[in-house]
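Structural features, examined
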Amino acid sequence: MIGRPAADRIERRSGVSLWRQIADKILHAIAIGDFAENTALPPEVALAERYGVNRHTVRSAISALVQEGVLRAEQGRGTFVLSRKRLSYPIGARTRFSTGLQGQTSERHIVLLASSVEPASQRVAEGLGLARGAEVIRLETRGEADGRAVSRAAGWFEARRFAGIDAVMAETGSITASLARFGIDDYLRQSTVLSARHADAADLADLDLQPGAIVLVTVAVNATPDGQPIQFSESRFPAERVELRLSAL
């Protein structure tokens with residue numbers, strides 16, 4: 001693969017299947033405009049040459065992207081790039097799931113998948129200003145918009161202060177509404193750390209993704225207006241459906 005652009009190179013010992021790597025390369029090419037929306041994808045032989053793999057691998061990648069709704073195959077005409085607009089999720093001083101997607105989707109809600117009481121890990125304790133090992137309530141949630149999973153999150157709250165927040169969350173389907181039940185009418189994003197990685201097994205299942213898919217990860221602390229931490233969270237967003245838009249905190 002000498003001379004092949006870095007963006008087109010694949011890693012044969014990365015642990016990610018070749019067809020998934022090719023699918024991700026095609027997604028990247030679409031994102032940067034190499035393969036324009038509503039136009040035909042290059043032929044399989046051209047893609048195989050571009051990425052240094054055989055046509056069977058390219059065919060598997062294309063098939064996966066057709067299933068994901070990125071491409072459309074037409075008998076006798078070829079494969080076409082569909083027009084897809086990702087949701088834009090704002091990360092700012094007041095980051096809220098429902099209002100963040102307002103105007104882009106008609107229906108939004110959060111589903112409580114599981115909850116537990118556990119000792120705070122070091123990072124959770126630091127985020128919430130607690131002693132390591134202090135009891136916290138962990139909420140596992142999935143954000144859905146117009147019938148599609150768009151986020152998967154774990155949130156931690158001090159157990160003594162927020163006893164019963166799991167039941168309230170199951171009832172309201174909203175973190176903001178749940179916190180209001182505990183007298184918190186407003187809260188601010190204190191910090192956010194962004195990263196990206198391949199989806200793990202839980203992400204694949206809960207977000208309905210294909211192996212090798214990329215998720216955007218936010219690790220965040222929300223606090224009351226006077227600076228008291230109330231929530232530590234880690235959220236994952238499928239990169240093929242959501243982009244994160246940063247604004248001043």
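Residues numbered from 1 in each chain as written. Predicted model: local features only at pLDDT ≥ 70, side-chain atom pairs only at ≥ 80, totals over all residues. Heavy atoms only, no water.

If you check an unreviewed UniProt entry, the chain appears there as Phosphonate metabolism transcriptional regulator PhnF from Mesorhizobium qingshengii.

1. Some points on the nonpolar core
Counting residues in hydrophobic clusters, the biggest one holds 24 residues, and the most contacted among them are Ile175 and Leu179. Listed in part, the 20 residues of the second largest apolar core include Ala29, Ile30, Tyr51 and Val53. (Core = buried A, V, L, I, M, F, W, Y, C linked by side-chain atoms within 4.5 Å. Buried < 20%, exposed > 50% of the residue type's maximum accessible area, 1.4 Å probe, protein only.)

2. Things to note about the sheet that holds strand β8 (residues 214-223)
With antiparallel pairing, the six strands of this open sheet are ordered in space as β4-β5-β6-β9-β8-β7. A strand with exactly one partner marks an edge of an open sheet, and here the two such strands are β4 (108-119) and β7 (188-198). This sheet shows a mean twist of 15 degrees between the axes of neighbouring strands, independent of strand direction. Note: β7 against β8, 10 bridges, orientation antiparallel. What sits directly across from Leu194, in β8, is Thr218. (Pairing = 2+ DSSP bridges. Helix = DSSP H or I, 4+ residues; strand = E, 2+ residues; numbered from the N terminus. Axes fitted to C-alpha atoms, helices over the stretch in contact; angles between N-to-C directions.)

3. A short note on unusual backbone geometry
Located in the positive-phi region is Asn38, a residue other than glycine, with phi close to 65 degrees. On the secondary structure map, Asn38 appears in the loop between α1 (18-31) and α2 (44-51). A positive phi is found at Asp208, a non-glycine position, where the angle reads about 55 degrees. Note that Asp208 resides in the loop between α8 (201-206) and β8.

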